[in-house]
Every structure is written in structure tokens, then in C-alpha cells.
Amino acid sequence: MLRALILALGLVAAPLAAANPLVFTAIPDEDETRLQERFQKVADYLAEALEVDVRFIPVTSYAASVTAFRNDQVQLAWFGGFTGVQARQLVPGARAIAQGIEDPQYKSYVIANRDTGLAPMEQETAPEALRGLTFSFGSQSSTSGRLMPEYFLREHLGEAPEALFERVGFSGNHSRTISLVQSGAYQAGVVSYTAWENEVESGNVDPDRVQVIWETPPYPDYQWTVRGDLDERFGDGFTERLQQALIAMQDPELLASFPRSGFIPAGNDDYAMIERVATDLGLLD
């Protein structure tokens, strides 16, 4: 059925060398075991759609995903907004080709332990009561777990995190941030809204111990980025066929891996806001 759909969309594959695998990775925004389960199914889908060997390799950190892309250990990556900007700066010709339907209007949730007594706030007013609390971001390179929330907190409250909070931490991923705030190890933190909803659905959030108190304004986030030499490796038109295979992904189980309702085309210019903010915060060389 998948092959018929791809053919119907005009994605006819040219014969390619079986010994030349397409390798991809994804930023480790959740537990590594869960990532392996999520993305092996995506690898199988792409292998069937493109008629090439497709392999997923996990990485241990956001920075490692960028390094793997720069070193040509992977040719395709599911990056966050900031890691995608970093990777494309390091690899001439690299480009974003697809993003989730939700990604142009992404957002983060600031969460707080119930013992703080903080109540949910309107989006237009960042919670002043965060001042003086302990606060956990996610990865230092996370768009939704650090970059954009830090930008909005600075914009609304007028100070850097080090001045706002008693103690600032970096958990490494969204799942861990939720656990740290829920346990009280940190009084508050910030996470991707999709990661929060996924953890709630999975039963990993105790609403009596942790809650969302603020959501950021929207910003662009995740995307698929490819190296610029895929057509040389796999044949003319391969990058376009890869893009179309991602956009044609309709299986709810596969889409739940991200989680997204579908994919749409993307380009490097879609992430100009991320590049500008990262530059202003001194996070890009």
C-alpha cells in the first residue's frame, strides 16, 4: 500500500546502491529507549518508500546530533529549531525540507511544583512570582526547553535567568525536567508543550504535584534537515523524493512518534527568528 501511495504521488525511485545507507538521527528530547522505539518504525517506512537502506542511530545529547550531522555520520536529522540552525551553519548546502504541521506555531510550557502555590497566568504576562525560585531548563541547545523560553522570560521580566532564579539547571531533556519539577528537586521549569502532553497521556505526570502555569508566545521549531549532497549519493531527485515521502507520512502510529498530525514543506528561511534570537543571546559563534 505504501509503495502504491508513493507511486501515485509520482515518487518513482531510481535503482540505488544497497550498500549506501541513508542514516538519520533525532535530538534526544525524551528517554533514549523510547526514541529507539519511535524512530525505528520511521526508518522502516522511509526504507520502503525510498527503496534504500535506512538506519536510525540514537545520540546522547543535542550537541551530539549536530556533531554527527557535521561529521557526515548522519545525512538526515530531526532537529529542533536551534540545533537545525547550528547544523546548517556548519554544513554548507544543508537545508530544512519538512516540518510538522504544528511546528510554525510551536510553544513551551512553564511548569511549577504545586508546593510553590503558583497559579496559571495569562500568556501576555510572564509570572513575576518565578523570581527567586529554582528553575530547570532542558538541554542547553533545546529550542523549546531553553532558547525561546529564555528569550521570552528576558523580554517580559527584563533579566537573565541567573538574575531571575535562585538556581538554574539544565536537565538534558523534557521528560527529565518534568520529573525534576514534579519531585521538587526544582521548583519550576520549562518544557515543550508536545512533550508535556505526551507525558500526561503516558501517565507520567501527577497533576496533584505539578502543573502548567504559563505558555510562551508561538515560534517555529522542529524540522527535518538534510545534507546538500544527497542527490550525488543516491541519484538525481532523491532529496525531493525524501521530502515527499515525509510529507506523505499518514500512518497515525508513525506520526505519534513525533508527535505530529502530519508534515509540510520547510525551508531555511522559516527559522530566521531562531537564528536571530540565538545570535542575540550569544549562542551562535
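Residues numbered from 1 in each chain as written. Predicted model: local features only at pLDDT ≥ 70, side-chain atom pairs only at ≥ 80, totals over all residues. Heavy atoms only, no water.

Caption draft 1: Structural context of the pattern of salt bridges. All chains considered together, the criterion is met by eleven salt bridges. With a closest N to O distance of 2.8 Å, Arg55 and Asp53 form a salt bridge. Residue Asp53 is classed as partly exposed on the basis of its relative accessible area of 27%. A salt bridge links Arg260 to Asp103; the shortest N-O distance between them is 2.9 Å. A residue pair is termed long-range when its members are at least 10 positions apart, and Arg260 in the loop between α11 (252-255) and β11 (263-265) and Asp103 in the loop between β4 (95-100) and β5 (108-113) qualify at 157 residues. For the pair formed by Arg260 and Asp103, the shared burial category is buried. Salt bridges sharing partners connect three or more residues here, namely Asp72, Arg227, Asp229 and Arg233. (Salt bridge = Lys/Arg side-chain N within 4 Å of Asp/Glu carboxyl O. Buried < 20%, exposed > 50% of the residue type's maximum accessible area, 1.4 Å probe, protein only. Helix = DSSP H or I, 4+ residues; strand = E, 2+ residues; numbered from the N terminus.)

Caption draft 2: Representation of helix α8 (residues 193-201) within the structure. All of the buried residues in α8 are Tyr193, Thr194, Ala195, Trp196, Asn198 and Glu199. Note on α8: the residue one or two positions beyond its end, Gly203, has a positive phi of about 80°.

Caption draft 3: Just the packing of aromatic side chains, in detail. For the coordinates displayed, the defined rule picks out 22 aromatic pairs. Here Tyr106 and Tyr222 contribute two aromatic rings whose centre-to-centre distance is 5.5 Å and whose plane-to-plane angle is 50°, an arrangement assigned as tilted. You can see Tyr106 sitting in the loop between β4 and β5 and its partner Tyr222 sitting in the loop between β9 (210-215) and β10 (223-226), a full 116 residues away along the chain. Of the two residues, Tyr106 and Tyr222, both sit in the buried class. Measuring from centroid to centroid gives 5.1 Å for Phe135 and Phe137, while their planes differ by 65°, and the two rings are edge-to-face. No difference in accessibility class separates Phe135 from Phe137, as the two residues are buried. One residue, Lys107, lies across the ring of Tyr193, its end atom 5.2 Å from the ring centre. When the ring centre of Tyr186 is taken as reference, the NZ or CZ atom of Arg167 above it lies at 4.4 Å. (Phe/Tyr/Trp six-rings, centres within 6.5 Å; stacked < 30°, edge-to-face > 60°. Lys NZ or Arg CZ within 6 Å of the ring centre and 35° of its normal.)

Caption draft 4: Summary view of the nonpolar core. Counting residues in hydrophobic clusters, the biggest one holds 86 residues, and the most contacted among them are Leu22, Leu46, Trp224 and Leu242. When residues of this core are assigned to their parent elements, the largest contribution, eight residues, is made by helix α2 (residues 32-50). Among all residues touching Leu22, those that are not within four sequence positions of it are Leu50, Val52, Asp53, Val54, Arg55, Gln75, Leu76, Leu230, Phe234, Phe238 and Leu242. (Core = buried A, V, L, I, M, F, W, Y, C linked by side-chain atoms within 4.5 Å. Contact = heavy atoms within 4.5 Å.)

Caption draft 5: Structural detail: helix α10 (residues 238-247). In terms of burial, α10 is a largely internal element, seven of the ten residues being buried. Along α10, the residues classified as buried are Phe238, Thr239, Arg241, Leu242, Gln243, Ala245 and Leu246.

Caption draft 6: Main features of the sheet that holds β4. Read across the sheet, six strands follow the order β2-β1-β3-β10-β4-β11 without closing on themselves; strand pairing throughout is mixed. Only two strands of the sheet have a single partner each, and these edge strands are β2 (54-56) and β11. Ignoring which end each strand starts from, the neighbouring axes of this sheet average 25° apart. Packed onto the sheet, helix α3 (residues 62-70) meets β1 (22-26), β3 (76-79) and β10 and runs at close to 155° relative to β3. (Pairing = 2+ DSSP bridges. Axes fitted to C-alpha atoms, helices over the stretch in contact; angles between N-to-C directions.)

Caption draft 7: View of the environment of Ser65. With respect to the secondary-structure elements, Ser65 resides in helix α3. For the pair Ser65 and Val91, spaced 26 residues apart in the sequence, the C-alpha separation amounts to 13 Å. Residues in contact with Ser65, not counting those within four places in the same chain, are Thr25, Ile27, Val59, Phe79 and Thr83.

Caption draft 8: Quick peek at the packing of α3 against helix α4 (residues 81-90). Contact geometry for α3 and α4: axes closest at 9 Å, N-to-C directions at 25°. Viewed along their axes, α3 and α4 adopt a mutual orientation that is roughly parallel. Between α3 and α4 lies a crossing of right-handed hand. Contacts from Tyr62, Ser65, Val66, Phe69 and Arg70 of α3 reach α4 at Thr83, Gln86, Ala87 and Leu90. Tallied by class, the residues present in the contact of α3 with α4 amount to five nonpolar, three polar and one charged. (Parallel < 35°, antiparallel > 145°, perpendicular 65-115°, else oblique. Left-handed = near helix turned anticlockwise from the far one by under 90°. Nonpolar A, V, L, I, M, F, W, Y, C, P; charged D, E, K, R; others polar.)

Caption draft 9: Here's a closer look at unusual backbone geometry. That bond from Phe258 to Pro259 is cis: its omega, -20°, falls within 30 degrees of zero. With phi around 60°, Glu51 is a residue other than glycine that occupies positive phi space. Examined against the element boundaries, Glu51 turns out to sit in the loop between α2 and β2. One non-glycine residue, Asp72, adopts positive backbone phi at about 65°. In this fold, Asp72 is placed in the loop between α3 and β3. Taking the relative accessible area as the measure of exposure, Asp72 reaches 29% and is therefore partly exposed.

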